[in-house]
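Read off the chains here:
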Amino acid sequence: MTPPPFTTFLEEHRVPVYRFLLATVGPNDADDCFQETFLSALRAYPRLREDSNLRAWILTIATRKAADHGRARARRPVPVEEVPERAAPAPELDGTTELWAAVRALPPMQRAAVVHRYVLDLPYADIAAALGCTEEAARANAYAGRRKLREEQERLQDKALEGGSR
Amino acid sequence: MSGRLSWMRRTDVEAASLRAARAVVDRAWASRLVDVAVTTVDSPVGSLLVAGTARGLVRLAYPDERSDLILEELAEALSPRVLEDPRTLDPVRRELEEYFEGHRTTFDLRIDWTLAPEGFSRRVLRETARIPFGSVSTYGQMAKRAGSPRAARAAGNALHDNPIPIVVPCHRVVPASGGIGKYGGSEWRKEFLLRLEGAIEETTDGAPLH
């Protein structure tokens with residue numbers, strides 16, 4: 001048995017992969033990472049083992065691309081004067097912008113585990129396969145990430161109260 | 001917290017991921033990572049699925065066949081790197097449109113014969129590709145031209161399994177006993193194509209040949 005036609009594979013997984021990348025690398029870089037992910041997959045596709053879990057496989061590649069991307073970004077010099085191309089979006093009152101930033105600030109494994117679990121609703125077995133770790137480690141990373149996000153959220157709320165803005 | 005994260009699910013990833021997927025196809029072509037291109041072409045005999053490789057047109061299918069199964073067969077027989085790509089197949093679309101508009105009598109497309117079994121079957125199909133527009137031949141004649149004069153029935157089978165109907169004009173092969181005979185893509189299409197080419201009279205409906 002060969003893997004399904006790539007067009008079928010792409011159609012079936014494009015939404016979860018995009019969603020995962022949107023959450024891990026953000027809207028500006030999701031497109032690049034998405035293309036890199038599926039091009040890598042296409043290169044390796046004919047050699048794929050027939051019993052491969054395709055969903056876990058593509059998410060593994062996406063996870064790696066997102067991590068590579070984070071490293072590349074860290075090396076990139078920060079522009080001195082950046083002129084925005086459009087006005088900044090109005091801050092959302094429910095704090096989702098801060099939460100998103102907090103998700104992206106998590107260490108790679110925790111970030112990936114949190115997104116796989118709470119954005120993509122994947123079972124821990126699939127998360128473990130995508131991250132290349134045990135199910136237990138996937139659980140621990142999702143838990144640690146989630147706790148950090150909660151703490152960050154509480155910190156933001158405290159700050160808002162202190163500032164008297166609410 | 002999981003409720004807060006779920007807002008990302010509401011973001012319109014459908015449209016964004018579709019755009020990104022199209023970009024993947026573009027880049028895949030530029031990097032020569034696509035082995036089989038597929039697209040559909042509208043025609044008076046239904047929406048045609050066409051597939052091409054670097055060697056040429058490899059498959060043409062009528063809508064009676066399930067496209068998902070055809071794609072699976074192509075993945076299995078040729079390569080799983082099957083991608084939807086209308087642009088690469090533009091010449092095929094253009095020539096088919098011209099043919100159905102009555103402006104084209106020969107196809108100038110390269111053919112990839114991989115899906116035609118080597119040997120007698122392929123020889124029959126290659127000979128069939130040489131039958132001129134507007135004329136017909138018989139199963140017996142095709143068998144003879146392919147080197148086995150007594151194998152009319154086998155020639156019929158090879159034509160029935162033609163991977164590239166219309167362009168390899170198996171509709172131009174008819175029984176020696178009269179009538180238009182059978183056709184893998186339903187008889188009404190064979191009749192339509194023969195009428196289009198003027199091989200049978202526009203007005204007759206019993207379809208005697210000439």
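Residues numbered from 1 in each chain as written. Chains lettered and ligands numbered in written order. Predicted model: local features only at pLDDT ≥ 70, side-chain atom pairs only at ≥ 80, totals over all residues.

Attention now moves to the overall build of chain A. For chain A, the count of helices and strands is seven helices and zero strands. Helices and strands appear in chain A in the N-to-C order α-α-α-α-α-α-α. Put simply, chain A has 166 residues, and 37% of those count as buried. Pairs at least 24 residues apart make up 68% of the contacts formed inside chain A by residues separated by at least 6 positions. (Helix = DSSP H or I, 4+ residues; strand = E, 2+ residues; numbered from the N terminus. Buried ≥ 20, exposed ≤ 12 C-beta atoms within 10 Å, placed from the backbone. Contact = placed C-beta atoms within 7 Å.)

Listed per partner, the contact involves 30 residues of chain A and 31 residues of chain B. Among the elements of the structure, α1 (6-25), α2 (30-44), α4 (96-105), α5 (108-119) and α7 (135-162) of chain A are those that each provide at least two residues to the side of chain A that touches chain B. Along the lines of polarity and charge, the residues of the side of chain A that touches chain B split into 19 nonpolar, five polar and six charged. (Nonpolar A, V, L, I, M, F, W, Y, C, P; charged D, E, K, R; others polar.)

Turning our eyes to something else, we now look at the sheet that holds strand β3 (residues 56-61) of chain B. By definition, the strands of a sheet pair up through backbone hydrogen bonds, in either a parallel or an antiparallel sense. Residues and elements named next belong to chain B. Pairing in this open sheet of four strands is mixed, and the strands run β3-β2-β1-β4 from one edge to the other. In the strand order of this sheet, the two ends are held by β3 and β4 (82-84), each with one partner. Mean inter-strand twist for the sheet, computed between neighbouring axes without regard to direction, equals 30 degrees. (Pairing = 2+ DSSP bridges. Axes fitted to C-alpha atoms, helices over the stretch in contact; angles between N-to-C directions.)

In this section: the environment of B:Glu197. Residues and elements named next belong to chain B. As for its position among the elements, glutamate 197 is in the segment after α9 (187-196). Separated by 63 residues in sequence, glutamate 197 and glycine 134 place their C-alpha atoms 4.8 Å apart. If we ignore the near neighbours within four places in the chain, the residues touching glutamate 197 are Phe133 and Gly134.

With that settled, consider the packing of helix α6 (residues 124-131) of chain A against α7(A). Residues and elements named next belong to chain A. Contact geometry of α6 with α7 gives a least axis separation of 8 Å together with a crossing angle of 95 degrees. Comparing their axes, α7 and α6 come out roughly perpendicular. Only Glu135, Ala137, Ala138 and Arg139 of α7 make contact with α6, whose side of the interface consists of Tyr124, Ala125, Ile127, Ala128 and Leu131. Tallied by class, the residues present in the contact of α6 with α7 amount to seven nonpolar, no polar and two charged. (Parallel < 35°, antiparallel > 145°, perpendicular 65-115°, else oblique.)

The next point concerns the environment of B:Asp161. Residue and element names in this part refer to chain B. Mapped onto the elements of the fold, aspartate 161 is located in the loop between α8 (152-160) and β6 (173-174). Accessibility expressed as a C-beta count within 10 Å gives 15 for aspartate 161, which makes it partly exposed. Sequence separation of aspartate 161 and leucine 125 is 36 residues, and the distance between their C-alpha atoms is 9.6 Å.

Below, the discussion takes up the pairing of β3(B). All names here are of chain B. The element β3 is extensively covered by neighbouring structure, given that five of its six residues are classed as buried. Across five bridges, the pairing between strand β2 (residues 48-53) and β3 is antiparallel. Paired with alanine 51 across the two strands is arginine 59, which belongs to β3. Taken together, β2 and the strand that follows it, β3, pair antiparallel across an intervening segment of two residues.

We now examine the nonpolar core. In summary, soluble globular proteins display a tendency toward joint burial of nonpolar side chains. Among the nonpolar cores identified, the biggest contains 93 residues, and A:Phe20, A:Leu21, A:Val115 and B:Val50 are the most heavily contacted of them. Each residue touching A:Phe20, except ones within four places of it in the same chain, is listed here: A:Leu59, A:Ala62, A:Val115, A:His116, A:Val119 and A:Leu120. (Core = buried A, V, L, I, M, F, W, Y, C linked by C-beta atoms within 7 Å.)

Glancing now at unusual backbone geometry. Among all residues except glycine, the phi angle is most often negative; among peptide bonds, the trans geometry is most common. Of note in this structure, A:Asp121 is not a glycine but carries a positive phi near 60 degrees. You can see A:Asp121 is positioned in the loop between α5 and α6. Note on A:Asp121: 12 C-beta atoms within 10 Å, which makes it exposed. Here the phi dihedral of B:Ser186 falls at roughly 70 degrees; this positive angle occurs in a residue that is not glycine. Structurally, the position occupied by B:Ser186 is in the loop between β6 and α9.

To continue, consider α6(A). Of all the residues in α6(A), the buried ones are A:Ile127, A:Ala128, A:Ala129, A:Ala130 and A:Leu131. One or two residues past the end of α6(A) sits A:Gly132, with phi positive at roughly 70 degrees.

Further remarks concern α5(A). All names here are of chain A. Under the 1.5 Å per step criterion, the end-to-end length of α5 is 15 Å for twelve residues, consistent within 8% with the ideal 16 Å. The buried fraction of α5 amounts to eleven of the twelve residues, a majority that puts the element mostly inside the structure. Just downstream of α5, aspartate 121 is the residue with a positive phi angle, here 60 degrees. (Expected span 1.5 Å × (residues − 1).)

The subject of this paragraph is the confidence of the model for chain B. Residue and element names in this part refer to chain B. Chain-level pLDDT for chain B is 90 on average; 90% of the residues reach the 70-or-more range. Within chain B, helix α2 (residues 7-10) has the poorest average pLDDT of any element, 52, and β3 the best, 98. Scored below 50 in pLDDT, residues 203-207 shows four contacts in the model against residues more than four places distant or in partner chains. As a predicted assembly, this complex carries a pTM of 0.76 together with an ipTM value of 0.83. (pLDDT = per-residue confidence, 0-100.)

The next thing to look at is the confidence of the model for chain A. Taken as a whole, chain A shows an average pLDDT of 81; of its residues, 83% reach a score of 70 or greater. Every residue in residues 83-93 of chain A scores below 50 in pLDDT, and together they form two contacts with partners more than four places removed in sequence or on other chains.

Residue and element names in this part refer to chain A. Along the chain, glutamate 36 turns up in helix α2. Using a count of 20 C-beta atoms within 10 Å as the deciding quantity, one classes glutamate 36 as buried. As for glutamate 36 and glutamine 110, which are separated by 74 residues in sequence, their C-alpha atoms are 22 Å apart.

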